[in-house]
Structures are given as structure tokens and as C-alpha cells.
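Observations on chain architecture
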Amino acid sequence: MALYDVVIIGAGPAGMTAAIYAARANMSVLLLEKLAPGGQIINTHEIQNYTGVGTINGAELAYKMFEHTQELQVAFDYGTVKDIKEEGNIKIITCEEEEKIFEAKTVILATGTIPRRLGVENEDRFAGENISWCAICDGAYYRDKDVVVIGGGNSAVEEAIYLASLANSVKVVTLFDLTADPVSCDELRALPNVTIYEFYNIEGFTGVEKLQGVRIKSTQTQEEVELTCDGVFEYIGLKPSTEAFAALGILDEQGYIKVNSRMETSVAGIYGAGDVVTKELRQVVTACSDGAVAAQVASKYIKTI
Ligand SMILES: Cc1cc2nc3c(=O)[nH]c(=O)nc-3n(C[C@H](O)[C@H](O)[C@H](O)COP(=O)(O)OP(=O)(O)OC[C@H]3O[C@@H](n4cnc5c(N)ncnc54)[C@H](O)[C@@H]3O)c2cc1C
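Predicted model, so just to flag it, every value in this text is computed and none were measured.

**A few points about the pairing of strand 3 (residues 46-50)**
- Summarising the sheet, strand 3 and strand 4 (residues 54-57) pair through three bridges and their orientation is antiparallel. Across the sheet, residue Glu 46 finds its bridge partner in strand 4, namely Asn 57.
- From the end of strand 3 to the start of strand 4, which pair antiparallel, there are three residues, and Gly 52 there has a positive phi angle of about 85°.

Right, here's the structure in full:
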């Protein structure tokens, strides 16, 4: 079995940047991904805040990043990592796919996050049908229809703006006020087919065969309202993809990977990078930065073992 200098788990912006830095540091690199290279940006309509790029479609940026790794001959493989064990200084990485076991001197964990769910009445029933977590994937079904967007942060506001360009109407429901960046909030508020419901809780979803609406309740007046709609998009926060790393004892109470400013976890030779680590700002630019640091520190570490 080949022994890699570094195995990078997750081919989002953090993992791909780590791969670029590791390859340029002459490390042997394996980049492992359970879905398609690109991570969350594949499902993002537009990225407008990645330095020097202006406005770019998320999938296009993902493709450019992957192409960059391939120009540097980074080995890429599909695999869903389920476990990492240590044998001396060597890490054994096991995937759900039976035949896939890899060995590495260092590992960079860049598995990102998945969307949180509300956990309210009828959510499971309509999930994946008329309740979605991806406007870019499912938005087109709602051309000239009525949709509800749940959430008030950057993702909710940006995706609501995108949906407003397709749908007949967009109702944005948020538990507090809008917390996205002010430029995006102003853009959303100015759209003629958007209504914003601030300080509302989601009570549940209605409908028998098909989703019919969303029941919401004001946290200020306790008034209950049903918003009739054809589809719902939820953007209420993120959950780290770290089940596979729980046994390493490197997670905080929320399941994020604890790292220091060198992206080191408490296990020598294992690093975290991107949205999956404890941090202030989860964005493409910060994910890339983490990936670069992790690869650089990993390359220094292997010289010491
Ligand atoms: C709707 C939306 C809009 C956004 N808009 C912007 C924006 O405009 N600007 C901006 O800067 N950021 C934006 N973001 C945030 C940005 O997408 C993330 O910060 C960035 O993708 C984080 O990169 P990452 O590499 O850390 O994680 P991710 O992009 O989440 O990539 C992690 C990868 O790891 C893989 N993976 C997970 N578990 C395993 C496993 N066990 N084995 C193998 N592979 C695994 C996943 O499949 C995924 O490909 C947006 C996010 C969303 C959801």
C-alpha cells in the first residue's frame, strides 16, 4: 500500500487549496472526496466576495480550483472516509467503500458542513420534495411559483435574491432580523416580489399529498400566520461533517474540529481546515487560507518524523 505524505479528506475550497500547497511543497498527496470535487460552492449561484475574481458562478470556481490541483498532478479518488486510526506515526484512513484503505504520514480534515434542519412538523415528510437546502439545484422548479426562504444570514439572503429572479414571489422568514451583510440585505429589501417576515418562528409545514404552506408565529405578538407556497428553502445554519473523527477526541461540543492558528489538532500530524474547524467566519476565502496553512505546517511536520 502506498504511503502518502498527506491524505486530504474533502475536496472543497479548503481541501483543494491544501492539495495545491502540499503538491508545491513536493509532498505526495491524495485528495479524497465522497461526492464531486468543489464542496458547497458547487451549489452556490454566485460568489461575489472571493478576492480578485469579481462575480463568479460557484460551480465554475470549483472547476477552476480542481483544474489547478490537476495541473499539479494531485492524486484524486472518490471515497467516504469513516475512520482514522494511528499506528505509530502512520495514520490509517478507512473509507466506507470496503477496498479503500490508505496510509499517510499526515492527514488534513477538510470535510466542511451540511445544512441544519428545523426539526418541525412535516419537515421530514416534504424534505427533498418541496423542501430544499439548495436553491441552485432546485430553484428552477419554482419558476413563476411562490416560495418561502427560511433564515436571515448570508446564505439565506443571497439565495433569496437568486430565487426572486425566478419565482413569482419569495417570502423570507427569519427568527431575528436579517443578519447578512448590509449590501445584500438592501438588495433583497429592494426587490418588488420579496416580503420579509422578521422575528417569526417556524411552527411546521402544512399539506397532505403535497406541501401547501408554512405555519409561522410571531415571537413578538404571538400571532400565527400560514404562508401558502409551492416550495421552501431552508438556510438556518450548518452542522460539521465530523462523525468519522469523533473517536480522535479532537471535536468541540458542537462537533467542530478544535485547531490552533497552525491548524493543528491535538493529535500530531492531523490538521483541520475550512468550515469544519472552530472559527469566526465560514467563507471560501477563509477555507482556502486554512488549507494553505495546514499543508505548510504538515510539510514541516513530516521532516521531523
Ligand atoms: C448557499 C450558500 C452560499 C454561500 N455563498 C458564499 C459566498 O458567496 N461567498 C463565500 O465566500 N462563501 C459562501 N458560502 C460558504 C462556502 O461555500 C464555504 O465557506 C466553503 O465551501 C467551505 O469550504 P470547505 O472546503 O471548508 O468545505 P465544503 O465546501 O463544505 O467541502 C467539504 C467537502 O468534503 C466532503 N466530505 C465531507 N465528508 C466527507 C467524508 N467523510 N469523506 C470524504 N469527503 C467528505 C464533502 O462532500 C465536500 O465536498 C456559501 C455557502 C452556502 C451553503
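Let's pick the thread back up.
**Digging into the pattern of salt bridges**
- This structure, assessed with the given rule, holds 10 salt bridges.
- A salt bridge links Asp 83 to Lys 85; the shortest N-O distance between them is 2.7 Å.
- For Lys 85, a relative accessible area of 51% translates into the label exposed.
- Note that Arg 117 is salt-bridged to Asp 124, the shortest N-O span being 3.3 Å.
- Judged by relative accessible area, Asp 124 falls into the exposed class, the value being 61%.
- The network of salt bridges with shared partners includes Glu 121, Arg 215 and Glu 224.

**A closer look at the domain arrangement of the protein**
- As far as domains go, the protein holds domain 1 (3-114 + 238-302) and domain 2 (117-234).
- Each of domain 1 and domain 2 has a C-alpha centre, and the two are 31 Å apart.
- Across the boundary between the two partners, domain 1 contributes four residues, which contact five residues of domain 2.
- For the pair domain 1 and domain 2, the two sides together bury roughly 450 Å², of which 59% comes from carbon and sulfur.
- When the buried surface of domain 1 facing domain 2 is broken down by residue, Asn 43, Thr 44 and His 45 rank first, second and third, together holding 77% of it.
- Our count for the contact surface shared by domain 1 and domain 2 stands at zero salt bridges.
- Partitioning the side of domain 1 that touches domain 2 into residue classes produces one nonpolar, three polar and no charged.

**Observations regarding the sheet that holds strand 15 (residues 211-218)**
- The three strands are arranged 14-15-16 in an open sheet whose pairing can be described as antiparallel. What marks the edges here is a single partner per strand, and that holds for strand 14 (200-207) and strand 16 (224-228). On average, each strand axis in the sheet is tilted by 25° relative to the strand beside it, whichever way the strands run.
- The pairing of strand 14 with strand 15 spans seven bridges and is classified as antiparallel. Along strand 15, the bridge assignment pairs Gly 207 with Leu 211.

How each quantity is defined
- Residues numbered from 1 in each chain as written.
- Predicted model: local features only at pLDDT ≥ 70, side-chain atom pairs only at ≥ 80, totals over all residues.
- Heavy atoms only, no water.
- Pairing = 2+ DSSP bridges.
- Helix = DSSP H or I, 4+ residues; strand = E, 2+ residues; numbered from the N terminus.
- Salt bridge = Lys/Arg side-chain N within 4 Å of Asp/Glu carboxyl O.
- Buried < 20%, exposed > 50% of the residue type's maximum accessible area, 1.4 Å probe, protein only.
- Domains from an automatic or database assignment.
- Contact = heavy atoms within 4.5 Å.
- Buried area = accessible area lost by both parts, 1.4 Å probe.
- Nonpolar A, V, L, I, M, F, W, Y, C, P; charged D, E, K, R; others polar.
- Axes fitted to C-alpha atoms, helices over the stretch in contact; angles between N-to-C directions.

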